[in-house]
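The primary structure of each chain is shown beneath.
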Amino acid sequence: MKNNIRVERAILRISQQDLANAIGVSRQTIFAIENEKFIPSTELALKLSAYFGKSVNDLFQLD
Amino acid sequence: MRDYKKQLTLLPHMWQVVGLVAFAVMFACEVIQSTVLKQYEGENWYAYLEMAALVLGNSFLLVACFSQERAEDEYVTTVRYRALTISVMILIVSCGITEIIGWRFHRFTTLQTITMMKGEGDGFMLWDYPVLYSLLGILGYFRYAPNLELLYIVLVKILKRIGCGTVYSSLLLPNRYKKTGWWLLGVSIVLVLVTIVINKYVNVLCWYGKMLWLVKLYLWVCLVLPLMAYTGVFMVCLSREQQEDEFIRHIRVRLLVVFVIAYALLSIFEELNLAGRHLYRLIEQPTIENHGYYLYSHISRQLLLWLMWIPGISVVYALVLRKVLSNNLKESNDEK
């Protein structure tokens, strides 16, 4: 599964730590998701999509 | 960075059926051997049956544990992780309780005291309390890998049927207990080393005639120190990280899988060792040094002494978890 978290974060110019704080996870988790080493749960995916104001489909795509 | 999406490849579902049927057959062999065949003395062949039943039975059960359900999907994986967590928690609790109460407490307050005081000790006889004794027996039962594996298989079936929920309700202690746990563990290890040194140079137990209070205090310290170490280990292992989220829970569960596989494999190794010794005794080899089983038994006993001690494995688990998280943090810092 691919994702655009890094791109969206760059557009908003926020750090991994800021994003992690905003959605209540650790920076390691954001790092693992951005590097496509960890697939987040639906709950976390929805939190991310709500934060960036995009749909889950825009953030995550199947390979 | 390690790929945390990778899952353990499970065997096809057919192996679960084969594993369970084979385990049932081996269990029946074991029952027949221990009830019927043991009566016939002079025959050694049934010892092979016992060996096969023990070793193969446990191996087949392990195969059944790591086989897919009929419809293996994401939900079943969640159920599987939940069942694994509950099984390991039961294992740790049963080990802790039976080791501390059933073994150490019993040992330090009965055998040593009574032997030391030549039968005049006010020992606590565990078997005088049948309910406690039975409870400890039942709890102690889960220490053995085959029972733990059976519990895991049954839990997977039950949780799959009743639904374990997708929201992960953490059973872990708050993070502050982790620090307390490390302190308790460190202090108890230092104190254990001090008592070992004292014991090396001064035989406290010889003073029972003059200073009974000191001997009693020494025995109680010997009892309390392992209890402290156990409590410390369990607090370290069973408390949350500073920011416990789903990623950390995921790593935790992956480590638990490794923990259980190591435990089960060592258990098979131990059964092979026991069976080997049993066979050796039966076939009465005159030269023990030349017998392969001797070396095998020795190696496996040493391994078991150091590796199968659950708190030991638990400390390794806690350290590996710490290492994985700090590596991950370092990598993410580098990228930052």
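Residues numbered from 1 in each chain as written. Chains lettered and ligands numbered in written order. Predicted model: local features only at pLDDT ≥ 70, side-chain atom pairs only at ≥ 80, totals over all residues. Heavy atoms only, no water.

(A) Representation of the pattern of salt bridges. Residue and element names in this part refer to chain A. Taken as a whole, this structure holds six salt bridges over all chains when the rule is applied. Between Arg6 and Glu34 there is a salt bridge, and its shortest N-O distance comes to 3.9 Å. Here the residue Arg6 occupies a position in helix H1 (residues 5–12), and Glu34 occupies one in helix H3 (residues 27–34), the gap between them amounting to 28 residues. The exposure class of Glu34 is buried, given its relative accessible area of 5%. (Salt bridge = Lys/Arg side-chain N within 4 Å of Asp/Glu carboxyl O. Helix = DSSP H or I, 4+ residues; strand = E, 2+ residues; numbered from the N terminus. Buried < 20%, exposed > 50% of the residue type's maximum accessible area, 1.4 Å probe, protein only.)

(B) View of a nonpolar patch on the surface. Where nonpolar side chains cluster on the molecular surface, the patch consists of Val190(B), Val194(B), Val197(B), Ile198(B), Tyr201(B) and Val202(B) and spans about 530 Å² of accessible area. Position of Ile198(B) among the secondary structure elements: in helix H6 (residues 176–201). (Patch = residues over 30% accessible without salt bridge, like charges linked within 9 Å, V, L, I, M, F, W, Y side chains within 5 Å. Areas by Shrake-Rupley, 256 points an atom, 1.4 Å probe, with all protein chains shown as cover.)

(C) Main features of the nonpolar core. With 60 residues, the main nonpolar core has Ile5(A) and Leu48(A) as its most contacted residues. In terms of residues, this core owes the most to one element, helix H8 (residues 246–283) of chain B, which gives eleven residues. In contact with Leu48(A), other than residues within four places in its own chain, are Ile5(A), Leu19(A), Ile23(A), Ile33(A), Leu59(A) and Phe60(A). (Core = buried A, V, L, I, M, F, W, Y, C linked by side-chain atoms within 4.5 Å. Contact = heavy atoms within 4.5 Å.)

(D) Inspection of the side chain of Glu246(B) at higher detail. Along the chain, Glu246(B) falls in helix H8. There is no salt bridge for the buried Glu246(B), and the closest opposite charge comes from Arg249(B), which lies 5.5 Å off by N-O distance. Engagement of the side chain of Glu246(B) in a polar contact is seen with the side chain of Ser41(A), the distance being 2.6 Å. Every residue in contact with Glu246(B), bar those within four places of it in the chain, is listed here: Phe38(A), Ile39(A), Pro40(A), Ser41(A) and Leu44(A). (Lys, Arg positive; Asp, Glu negative; His and termini not counted. Polar contact = N/O pair within 3.5 Å; in protein donor to acceptor, adjacent residues only side chain to side chain.)

(E) Structural context of H3(A). All names here are of chain A. Taken across its eight residues, H3 has eight buried, putting it largely inside the fold. Restricting attention to buried positions, one finds in H3 the residues Arg27, Gln28, Thr29, Ile30, Phe31, Ala32, Ile33 and Glu34. Looking one or two residues beyond H3, the residue adopting positive phi is Glu36, at roughly 55°.

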